[in-house]
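Here's the letter readout for the chains.
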Amino acid sequence: MGMAEPLSDTQQRAWRTFIESSWALHTHLEDELRAATGLSMNDYHVLVVLSEAPAHRLRMGELAGRLVFSPSRVTYQINSMVKRGLVLKQPCPEDGRGQEAVLTAAGLTALEQAAPLHLITVRDRFIDRLDPDELDVIARVFDKVGKA
């Protein structure tokens, strides 16, 4: 890669607005979720992904991929949740070598209690501030940005 071409004013404004507002939004969501439920955004995302998985269980590697976490980061995250009784780690039934994260009844209850509170914040800080066309553009833009 050679010298990066400087951003135009329009590009700079778009980038800075995106970065600053997304950080602020994430921080607010995290603070509200923690205050209301004691869960972090990472905890919440793990609970959502596991609740949607078949039999509420996923291989650690697959969970890491879904969360866009490194294997070591997903291990740290799951171990922290195991200590709080939200998930279990069990050997994979197929080969016995890999590990699966399994949602516990307490984890599902935590998610069911947190979801409506989290949704209030998501609506207040994001959804209700935008019209349907804007939401459609955001979905298209971040689908494109998120592709490897």
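The chain appears in an unreviewed UniProt entry as MarR family transcriptional regulator from Paractinoplanes durhamensis.

(A) Quick peek at the packing of aromatic side chains. Tallying each qualifying case throughout the model produces two aromatic pairs. Consider the rings of Trp15 and Phe18, whose centres lie 5.8 Å apart with planes at 45°: the pair is tilted. With a gap of three residues between them, Trp15 and Phe18 both fall in helix α1 (residues 9–37), about one helical turn apart. The rings of Trp15, Phe18 and Phe142 are connected pair by pair, giving a single aromatic cluster. Sitting over the face of the ring of Phe69, Arg73 holds its NZ or CZ atom 3.9 Å from the ring centroid.

(B) Structural context of the sheet that holds strand β1 (residues 57–59). Within the open sheet, the three strands sit side by side as β1-β3-β2. Their pairing is antiparallel. Looking along the sheet, the strands with just one partner apiece sit at the ends: β1 and β2 (87–91). Each neighbouring strand pair of the sheet contributes to a mean axis angle of 25°, computed without reference to strand direction. Where β1 meets strand β3 (residues 99–103), three bridges bridge the pair, whose relative direction is antiparallel. Note that in β3 the partner of Arg57 across the bridge is Val102. Each of β1, β2 and β3 is contacted by helix α3 (residues 60–67), which is oriented at about 95° to β1, the strand it contacts most.

(C) Expanded view of α1. For α1, with 29 residues, the first-to-last C-alpha span of 41 Å sits near the 42 Å given by 1.5 Å per residue. Restricting attention to buried positions, one finds in α1 the residues Ile19, Leu25, Leu29, Glu30 and Leu33. On the buried face of α1, the contacting elements are α2 (41–52) and α5 (105–125). The positive-phi residue at the C-terminal boundary of α1 is Gly38, with phi of around 80°.

(D) Fine view of the nonpolar core. The biggest cluster of nonpolar side chains holds 27 residues, and the ones touching the most others in it are Val46, Leu47, Leu50, Leu63, Leu67, Val74 and Ile78. Of all the secondary-structure elements, those providing two or more residues to this core are α1, α2, α3, α4 (71–83), β3 and α5. Excluding residues within four positions of it along the chain, Leu50 makes contact with His56, Arg57, Leu58, Leu63, Val87, Ala101, Val102 and Leu103.

(E) Seen up close, the UniProt feature "domain: HTH marR-type" (unreviewed entry) in the chain. UniProt feature "domain: HTH marR-type" (unreviewed entry): in the numbering of this structure it lies at residues 11–147. Counting secondary structure, residues 11–147 comes out at 70% helix and 9% strand; the distance between its end C-alpha atoms is 20 Å.

(F) Geometry of the side chain of Ser40. Here Ser40 is to be found in the loop between α1 and α2. Taking the relative accessible area as the measure of exposure, Ser40 reaches 7% and is therefore buried. In terms of polar contacts, Ser40 uses its side chain to reach the backbone amide nitrogen of Asn42, at 3.3 Å. In this structure, Ser40 is in contact with Glu30, Leu33 and Arg34, ignoring residues within four places of it in sequence.

Rules of the game
Residues numbered from 1 in each chain as written. Predicted model: local features only at pLDDT ≥ 70, side-chain atom pairs only at ≥ 80, totals over all residues. Heavy atoms only, no water. Phe/Tyr/Trp six-rings, centres within 6.5 Å; stacked < 30°, edge-to-face > 60°. Helix = DSSP H or I, 4+ residues; strand = E, 2+ residues; numbered from the N terminus. Lys NZ or Arg CZ within 6 Å of the ring centre and 35° of its normal. Pairing = 2+ DSSP bridges. Axes fitted to C-alpha atoms, helices over the stretch in contact; angles between N-to-C directions. Contact = heavy atoms within 4.5 Å. Expected span 1.5 Å × (residues − 1). Buried < 20%, exposed > 50% of the residue type's maximum accessible area, 1.4 Å probe, protein only. Core = buried A, V, L, I, M, F, W, Y, C linked by side-chain atoms within 4.5 Å. UniProt positions renumbered as here; feature names shortened; annotations may be inferred. Polar contact = N/O pair within 3.5 Å; in protein donor to acceptor, adjacent residues only side chain to side chain.

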